[in-house]
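Given next are the chains, with one letter for each unit.
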Amino acid sequence: MHIFKSLGPAVARVSGVEAFRAGLGALIGLGLTGLFVLSPTVDLELGLYLVAPFGATSVLLFAVPNSPLAQPWSAIVGNTIAALVGVAVCLWVDDPALRVGLAVGLAVTATMLCRAVHPPAGAVAMTAALSPDAIAHLGFWFAIAPIGVGTVALVLLATIYARLTGRHYPFRQFDDPSKHGTGDRNPTERLGLSEEELTNILERYSQSFNLGVEDLARLIGAAEMEAATHYSGPVTAQDIMSRDLVTVRPETSLGQVADLFRQHRFTSLPVVESDAKFLGVIFQIHLIRQAREDALRLDRGYAAALRRLLDRSRENPTRAGDIMSVAGPRAMADTPIGALLPMMADGDTDAVPVLEKDKIIGIVTRTDLVAALARNVVRTNPN
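Residues numbered from 1 in each chain as written. Predicted model: local features only at pLDDT ≥ 70, side-chain atom pairs only at ≥ 80, totals over all residues. Heavy atoms only, no water.

**So, the packing of helix α5 (residues 96-113) against helix α6 (residues 120-129)**
- Relative orientation of the contacting elements α5 and α6 amounts to 145 degrees, with a least axis distance of 8 Å. Crossing geometry of α5 relative to α6 is assigned as right-handed. Contacts between α5 and α6 involve R99, V100, A103, V104, A107 and T111 from the first element and A121, G122, A125, M126 and A129 from the second. (Axes fitted to C-alpha atoms, helices over the stretch in contact; angles between N-to-C directions. Helix = DSSP H or I, 4+ residues; strand = E, 2+ residues; numbered from the N terminus. Left-handed = near helix turned anticlockwise from the far one by under 90°. Contact = heavy atoms within 4.5 Å.)

Structural data, given as structure tokens:
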């Protein structure tokens, strides 16, 4: 049975949305490259034409952009070096079979030595070895155009597409600042392991080509967070949530919202309809951002704009429904607190609404969660 299992898919299941995102990216990348940079037909005068290896490059850039094999250095340098090797072999070796094998083998060696392994590079070298007429005409220019120019175009398009679709390409670096703009790493990635130690782990298990150091840190952090949920006990959201809620309606003015924040010292307020149907959450940061936008729009100082919100000036038509967040995490009454941990670990969410169907019945704040975890520690370690 084990041998049959080994023949099955080794890749984790992906959502249809992610598959569509990757496919659309490849379509756009190759389409724009073909229309505006290279020609889909062979042009031996300029050498600007699409080649088959660009299809394989697109798979990496748009489907697995976090892979070290898909990063700009690997793609651009790897394809270009492979093209140079393929052209040299094609010009100096006459036998077709020997030419192809030698071109691919030397390309693999050269890209590994240059730390630029990119699987499509093998196809680039093979394309050169199988195209003696084109290579005789283009020579080493083949490595510049179409290979170099085309790969650069695909990398640039992949970078833009990743930003537009909420992905990271090129991948994060280990020494990148946190999302708060400080030198500290994000909370879930503070492992106590250095970049060198994480690199050694990847090398020890021969995973350097499959995973970057930053992604390894994120995975270890996520695994530790998941493991922590196993020790949080049977406590659920309904055991720790606040039930006597202060809510606002979508038409509530921002001045009233600011007054409620000041009066109750909350960091978040649920937005509901008259029948308690949950619509979204307003966090204090939303109010601060709105004040900043008002200051810029009206050419006033930030403090003056914030005072105007607190005084409920009639000049500002913005309402609670205009600035509330509707995309944050949500929980149910029986959601274990272990599942709430990753929702609030990174600092983006201060509170998670607890819903019954589409109505809010409570809210769990970060303070509620910390208090519950502290009580659990006391119970499990009374001494």
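On we go from here.
**Side note on the pattern of salt bridges**
- A full pass over the atoms with the stated rule returns five salt bridges.
- A salt bridge links E18 to R21, with the nearest nitrogen and oxygen atoms 3.2 Å apart. Residue E18 and its partner R21 are located together in helix α2 (residues 16-37), separated by three residues, close to a single helical turn.
- Where R167 meets E18, a salt bridge forms, and the shortest distance between an N and an O atom there is 2.4 Å. With a gap of 149 residues between them, R167 in the loop between α8 (141-164) and α9 (195-204) and E18 in helix α2 connect regions that are remote in the sequence.
- What you see here is one network of salt bridges that share partners, running through E18, R21 and R167. (Salt bridge = Lys/Arg side-chain N within 4 Å of Asp/Glu carboxyl O.)

**Some details on a nonpolar patch on the surface**
- Taken together, the side chains of L27, I28, L32, L35, F36, V37, W141, I144 and V149 present a nonpolar region at the surface, about 870 Å² in accessible area.
- Contributions of two or more residues to the nonpolar patch are made by α2 and α8.
- Relative to the helices and strands, V37 is located in helix α2. (Patch = residues over 30% accessible without salt bridge, like charges linked within 9 Å, V, L, I, M, F, W, Y side chains within 5 Å. Areas by Shrake-Rupley, 256 points an atom, 1.4 Å probe, with all protein chains shown as cover.)

**Regarding the packing of helix α4 (residues 72-92) against α8**
- As a packed pair, α4 and α8 sit with axes 9 Å apart at the nearest point and diverge in direction by 165 degrees. One element, α4, and the other, α8, form an angle in the roughly antiparallel class. Along this stretch, α4 crosses α8, giving a crossing that reads as right-handed. Residue-level contacts link P72, A75, I76, N79, T80, A83, L84 and V87 of α4 to F142, A143, I147, G148, T151, V152 and V155 of α8.
- Looking at side-chain class alone, the contact of α4 with α8 contains 11 nonpolar, four polar and no charged residues. (Parallel < 35°, antiparallel > 145°, perpendicular 65-115°, else oblique. Nonpolar A, V, L, I, M, F, W, Y, C, P; charged D, E, K, R; others polar.)

**Points about the nonpolar core**
- L61, F142 and I147 are the most contacted members of the largest nonpolar core, which has 39 residues in total.
- For this core, the elements supplying multiple residues, two or more each, are α3 (53-63), α4, α5, α6, α7 (132-138) and α8.
- Apart from the residues within four sequence positions on either side, F142 is in contact with Y49, A83, V87, V124, T127, A128, I135 and I147. (Core = buried A, V, L, I, M, F, W, Y, C linked by side-chain atoms within 4.5 Å. Buried < 20%, exposed > 50% of the residue type's maximum accessible area, 1.4 Å probe, protein only.)

**Description of the packing of aromatic side chains**
- Summed over the entire model, instances satisfying the criterion amount to one aromatic pair.
- Consider the rings of F62 and Y161, whose centres lie 5.8 Å apart with planes at 70 degrees: the pair is edge-to-face. With a gap of 99 residues between them, F62 in helix α3 and Y161 in helix α8 connect regions that are remote in the sequence. For the pair formed by F62 and Y161, the shared burial category is buried. (Phe/Tyr/Trp six-rings, centres within 6.5 Å; stacked < 30°, edge-to-face > 60°.)

**Details of the sheet that holds strand β3 (residues 331-332)**
- Spatially, the three strands line up as an open sheet ordered β3-β4-β5, and their pairing is mixed. Two strands lie at the open edges of the sheet, namely β3 and β5 (359-365), each paired on one side alone.
- In terms of strand pairing, β3 meets strand β4 (residues 351-356) through two bridges, oriented parallel. Opposite M332, over in β4, you have L355 as the bridge partner.
- Helix-sheet contacts for helix α16 (residues 337-344) involve β3, β4 and β5, and the interaxial angle to β4 is about 135 degrees. (Pairing = 2+ DSSP bridges.)

**Quick word on unusual backbone geometry**
- Along the chain, A145 connects to P146 via a cis peptide bond; the corresponding omega equals 20 degrees.
- By the secondary structure assignment, P146 is in helix α8.
- A positive phi angle, close to 70 degrees, is found at A276, a residue other than glycine.
- Look at K357: it is not a glycine, yet its phi comes out positive at around 60 degrees.
- The residue K357 is located in the loop between β4 and β5 in this model.

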